[in-house]
Amino acid sequence: MALFDRAIVSVLPAMPRGVVRRISSRYIAGTDIGDACRVVAGLNDDGKMATIDVLGEEITSAAEAEEIVRAYHDVFEAIRTQRLDSNVSIKPTGLGLQLGYELARENVETVVRHAAESGNFVRIDMEDSGTTDDTLRMYRELREQGLGNVGIVLQARLRRTLADVEALADLTPNVRICKGIYVEPPELAFQDFDDVRDNYVAVLDELLAQGSYVGIATHDEWLIAEGERLVAVHGRGRDEYEFQMLLGVRKPLGDRLVADDHRLRIYVPYGEEWYAYSLRRLQENPKIAGYIAADTLGRLVPGRNGR
Ligand SMILES: Cc1cc2nc3c(=O)[nH]c(=O)nc-3n(C[C@H](O)[C@H](O)[C@H](O)COP(=O)(O)OP(=O)(O)OC[C@H]3O[C@@H](n4cnc5c(N)ncnc54)[C@H](O)[C@@H]3O)c2cc1C
């Protein structure tokens, strides 16, 4: 990322929420479930699958966590009645992990059981390294209870990830592999771009060797090419893996994957709690300064932007 863009990233949290909201709107489906369903229906028409995320993380009361459980229940109903091709992604802290392990585990189990009732699937997102042990423990407990419609996320940035793959091998887990968005210290995480890429490839190779279903989540063209190579090396059929991308990021690259007959799932977040997710996405956008400039220009010159 260029120096100027990096400088902009550091001041993003101090920017007015209105600006953050406008420039991050392409990453978010909207505030309500109707918005999410409309976006998913459009993606499905384009031959893409989806995973819906009800925005909300690091909640501070059990009642807020319950709200999110209820929201997911409504999402499963909407997916079923509208015949959408979508599963869901959940965040352990959105379901109460910071309030207590047991509370979060029960909430996650409730969502997974609701999903099972409508033949759906739940991906447990991976948050910062302080939550990794609890999240993996939760996943193992759910699987050992016989719940098979649940998957996990592993982060290539973390040094521990290859060991986690080995520790989970007896479950043949359904895994989304991503680089990892959270800033982590050097003792825990690779800091070098190429080291993260190398670990991503090593983890993906091992997961495929173990027979796991893998969601290859990245917009990095080099890694996508490595993903295509590795699924071929391991003789994976079209339905035995998928690529995954975020709403609003590198659409032409996603279109290319679909045209090449790969399955692609798009991460579709919606909800009122858009701020933390939006900040993370903007901080990753290598052209953030240009977006802010365009937004400012759009407000100075009537008729541009948002019409
Ligand atoms: C479906 C999905 C689910 C995810 N789930 C998790 C999770 O559970 N836990 C977690 O820690 N992380 C998650 N992530 C985020 C992931 O860890 C990375 O932070 C993110 O995908 C960026 O890494 P990259 O592999 O795309 O490579 P990068 O090198 O960051 O990006 C490659 C290129 O993609 C483009 N790009 C990337 N991000 C943006 C952006 N925001 N705006 C505009 N262009 C962009 C740029 O051109 C960039 O050069 C998920 C990502 C995806 C796609």
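Note that this is a predicted model, so its numbers are computed, not measured.

Let's shift gears to the sheet that holds strand E6 (residues 214-217). What the eight strands build is a closed barrel, ordered E1-E2-E3-E4-E5-E6-E7-E8; its pairing is parallel. If you compare each strand with its neighbour and ignore which way they point, the axes differ by 30° on average. Helix H3 (residues 33-45) rests against strand E1 (49-54), strand E2 (86-90) and strand E8 (264-270) of the sheet, and its axis sits at about 165° to E8. The sheet contacts of helix H10 (residues 251-259) involve strand E7 (241-246) and E8, and relative to E7 the element is tilted by about 160°.

On to the pattern of salt bridges, then. Opposite charge on two side chains lets them pair, provided their charged atoms get close. Within the structure shown, the criterion is met by 31 salt bridges. For the salt bridge of Arg113 with Glu109, the shortest nitrogen-to-oxygen distance reads 2.9 Å. One end of the pair, Arg113, and the other, Glu109, are both in helix H5 (residues 101-117), four residues apart, so they sit about a helical turn from each other. We classify Arg113 as partly exposed; its relative accessible area is 37%. Judged by its relative accessible area of 14%, Glu109 is buried. Of the charged contacts, one joins Asp164 and Arg160 as a salt bridge, the two residues approaching to 2.7 Å between their closest N and O atoms. Accessibility expressed as a relative area gives 29% for Arg160, which makes it partly exposed. One network of salt bridges, with partners in common, ties together Glu102, Arg105, Glu109, Arg113, Arg137 and Glu141.

Along the chain, Lys91 falls in the loop between E2 and H5. Only 2.8 Å separates the side chain of Lys91 from the side chain of Asp125, close enough to count as a polar contact.

What the rule picks out here adds up to three aromatic pairs. Arranged with centres 6.1 Å apart and planes meeting at 90°, the rings of Tyr241 and Phe243 form a pair that is edge-to-face. Using a relative accessible area of 0% as the deciding quantity, one classes Phe243 as buried. Aromatic pair Tyr267 and Tyr277: ring centres 6.1 Å apart, planes at 5°, arrangement stacked. Placement of Tyr267 in strand E8 and of Tyr277 in helix H11 (residues 275-284) is noted, with a sequence separation of 10 residues between them.

Attention shifts here to the packing of helix H2 (residues 17-24) against H11. Between H2 and H11, the shortest axis-to-axis distance is 10 Å and the interhelical angle comes to 65°. Both H2 and H11 take part in a crossing whose hand is left-handed. Side by side, H2 and H11 meet where Arg17, Val20, Ile23 and Ser24 of the first sit next to Tyr275, Ser278, Leu279 and Leu282 of the second. Residues of the contact of H2 with H11, tallied by class, amount to five nonpolar, two polar and one charged.

Another aspect to go through is a negative patch on the surface. Taken together, Asp32, Glu64, Glu272 and Glu273 make up a surface patch of like negative charges. Secondary-structure assignment places Asp32 in the loop between H2 and H3.

It is worth spelling out the site of the ligand at this point. Residues in contact with the ligand amount to 27 residues; listed here are only the nearest, Tyr27, Gly180, Thr218, His219 and Glu284. Within the backbone of Gly180, an N or O atom sits 2.6 Å from an oxygen atom of the ligand. Between an oxygen atom of the ligand and a side-chain N or O atom of Glu284, the distance comes to 2.3 Å. Burial of the ligand by the protein chains amounts to 88% of its free accessible area of 930 Å². Listing elements by their share of the shell around the ligand, those giving two or more residues are strand E4 (150-155), strand E5 (175-178), E7 and H11. Tallying contributions element by element places E7 first for the shell around the ligand, with three residues. The residue inventory of the shell around the ligand, partitioned by class, reads 13 nonpolar, six polar and eight charged.

Attention now goes to H5. Given a rise of 1.5 Å per residue, 17 residues ought to cover 24 Å, and the 24 Å separating the end C-alpha atoms of H5 matches this to within 8%. Listing the buried residues of H5 in full gives Tyr101, Ala104, Arg105, Asn107, Val108, Glu109, Val111, Val112, His114 and Ala115. Its buried side turned inward, H5 meets helix H4 (62-81), E2, strand E3 (122-124), helix H6 (132-144) and E4. Gly119 lies just past H5 and shows a positive phi near 65°.

Once that is clear, we can look at unusual backbone geometry. The phi torsion at Thr172 lies on the positive side, around 40°, for a residue other than glycine. For Thr172, a relative accessible area of 41% corresponds to the partly exposed category. Residues other than glycine seldom take positive phi values, yet Asp261 does so here, at roughly 70°. Looking at the element boundaries, Asp261 is found in the loop between H10 and E8.

Basis of the calculations
Residues numbered from 1 in each chain as written. Predicted model: local features only at pLDDT ≥ 70, side-chain atom pairs only at ≥ 80, totals over all residues. Heavy atoms only, no water. Pairing = 2+ DSSP bridges. Helix = DSSP H or I, 4+ residues; strand = E, 2+ residues; numbered from the N terminus. Axes fitted to C-alpha atoms, helices over the stretch in contact; angles between N-to-C directions. Contact = heavy atoms within 4.5 Å. Salt bridge = Lys/Arg side-chain N within 4 Å of Asp/Glu carboxyl O. Buried < 20%, exposed > 50% of the residue type's maximum accessible area, 1.4 Å probe, protein only. Polar contact = N/O pair within 3.5 Å; in protein donor to acceptor, adjacent residues only side chain to side chain. Phe/Tyr/Trp six-rings, centres within 6.5 Å; stacked < 30°, edge-to-face > 60°. Left-handed = near helix turned anticlockwise from the far one by under 90°. Nonpolar A, V, L, I, M, F, W, Y, C, P; charged D, E, K, R; others polar. Patch = residues over 30% accessible without salt bridge, like charges linked within 9 Å, V, L, I, M, F, W, Y side chains within 5 Å. Areas by Shrake-Rupley, 256 points an atom, 1.4 Å probe, with all protein chains shown as cover. Lys, Arg positive; Asp, Glu negative; His and termini not counted. Charge placed at Lys NZ, Arg CZ, Asp CG, Glu CD. Near = heavy atom within 4 Å. Expected span 1.5 Å × (residues − 1).

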